[in-house]
Amino acid sequence: MLKSTTIFLTLISLASSVSAGGFGGFSRGSSFNFGCGSSIKQKATHEQKDWCSSSGSFFTDYKGSPLCCSDHTRTPPSNGITCPFGWSQHFKAGCCIPPQEVSPCDCGEGYTYDKNTHKCVKNTGKCHGGQWWHDRSVTCCDDSWQHNPPKGDCPSGIKCPSGWFWHKNDKKCRPNGPRSPEPDCDDWDEHNHCCGGHTGPSQGPGKGNNGGNKWGWKRNDIQQQQTLSFPQTDLDKMYCPGSLHACTVPTAGGGEWAYECVDFATELEACGGCVGSGGQDCTQIPHSLAVGCEIGTCAVYTCKQGFQANGTSCVAV
Ligand SMILES: *[C@@H]1O[C@H](CO)[C@@H](O)[C@H](O)[C@H]1NC(C)=O
């Protein structure tokens, strides 16, 4: 399963600075690996190991200590705590924990993920009362837009992301409110703040999760995005070269730890993450003939007779 690593080698320093530096605006639509290395995992108490023994459980690094993410430790976020969409709150630590080891980290447009506290914190800016600061557009947005947006008709060929509207005076898409999700279209235009409006082909569907193959990216951008989307954990770095990730594989006798190194962005049998921890085995998609793993998402190209590929599945014709 080992894939070529050479094209990623030059990007290692970039990847590690990202995993240390936090989640900036460039991370839109990406998933991140929140697993932690063995040096942290081995600090887990027996109690923590018990909580984390079920399938799909994993440890994350919380201030240098292991924090178990499992059904035993997840509670819905309480009032006053803002977590990334789809995340839970840890029942003891009180911070946010991701649903899977490799997960998106979208706090909404008015918030930024704080890697130290593991919570979403409100962006600060110089806004008047009744407004909130929007980092992405470097503007103040009115609270009232949530109920009464100054909405105009989008010019043709242009759309706004889910949870956003076309502002008739600004002539740009603006988020309805501070918890509007990050732009979810494939063709988000960071300059004009809208989806589309380019001249050129647009990519197929896809919600932009796991990076997506955004329109207009040069080949090099895609490679960078792949590495940025799946930074190596301490454990990965210990066992695998380049930007590859260590996935545990079942051993005949059980018990013993065996692993292989995979590239989550392209590995067919561990696409987007290790199988059992958020990844998908693309070769197991029913009725498929040719499949691919594109930046961490399975793609179906052709299907067996009687079925047609719709991009992600084979559907009966
Ligand atoms: C493809 O088909 C599957 C199964 O019917 C469905 O869940 C999925 O949303 C479809 N995808 C697209 C892009 O239409």
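What you see is a predicted model; the values in this text were computed from it and never measured. (Residues numbered from 1 in each chain as written. Predicted model: local features only at pLDDT ≥ 70, side-chain atom pairs only at ≥ 80, totals over all residues.)

Undergrad: Can you tell me about the overall build of the chain, naming the residues and giving the values?
TA: The secondary structure content of the chain amounts to six helices and 22 strands. Within the span of the chain, comprising 317 residues, buried residues form 39% of the whole. Considering only contacts in the chain between residues 6 or more positions apart, those separated by 24 or more positions represent 45%. (Helix = DSSP H or I, 4+ residues; strand = E, 2+ residues; numbered from the N terminus. Buried ≥ 20, exposed ≤ 12 C-beta atoms within 10 Å, placed from the backbone. Contact = placed C-beta atoms within 7 Å.)

Undergrad: How would you summarise unusual backbone geometry if you had to cite specific residues and measurements?
TA: A positive phi is found at K63, a non-glycine position, where the angle reads about 55°. Position of K63 relative to the elements: it lies in the loop between strand 2 (58-62) and strand 3 (65-69).

Undergrad: Mind laying out the sheet that holds strand 6 (residues 96-97), listing which residues take part and the relevant values?
TA: Here we have three strands laid out as an open sheet, ordered 4-5-6, and antiparallel in their pairing. Strands with a single pairing partner mark the edges of an open sheet, and in this sheet they are strand 4 (74-75) and strand 6. (Pairing = 2+ DSSP bridges.)

Undergrad: How would you summarise the nonpolar core if you had to cite specific residues and measurements?
TA: Ranked by size, the top nonpolar core spans 43 residues in total, and within it F59, F264 and C298 carry the most contacts. Residue assignment for this core shows that the elements contributing at least two residues are strand 2, strand 3, strand 6, strand 8 (111-114), strand 17 (245-249), strand 19 (288-294) and strand 20 (297-303). With four residues, the single largest contributor to this core is strand 20. In this view, F59 contacts C36, I40, K41, A44, C52, P66, L67 and C68; residues no more than four positions away in its chain are not counted. Residues C160, W166, C173 and W188 belong to the second largest nonpolar core, which totals eight residues. (Core = buried A, V, L, I, M, F, W, Y, C linked by C-beta atoms within 7 Å.)

Undergrad: So what's going on with the sheet that holds strand 15 (residues 188-189)? Residues and values would help.
TA: The three strands lie next to each other as 12-16-15, forming an open sheet whose pairing is antiparallel. Only two strands of the sheet have a single partner each, and these edge strands are strand 12 (158-159) and strand 15. For strand 15 and strand 16 (residues 194-196), the ladder comprises two bridges, and the chain directions are antiparallel. The residue bridging D189 from the neighbouring strand is C194, located in strand 16.

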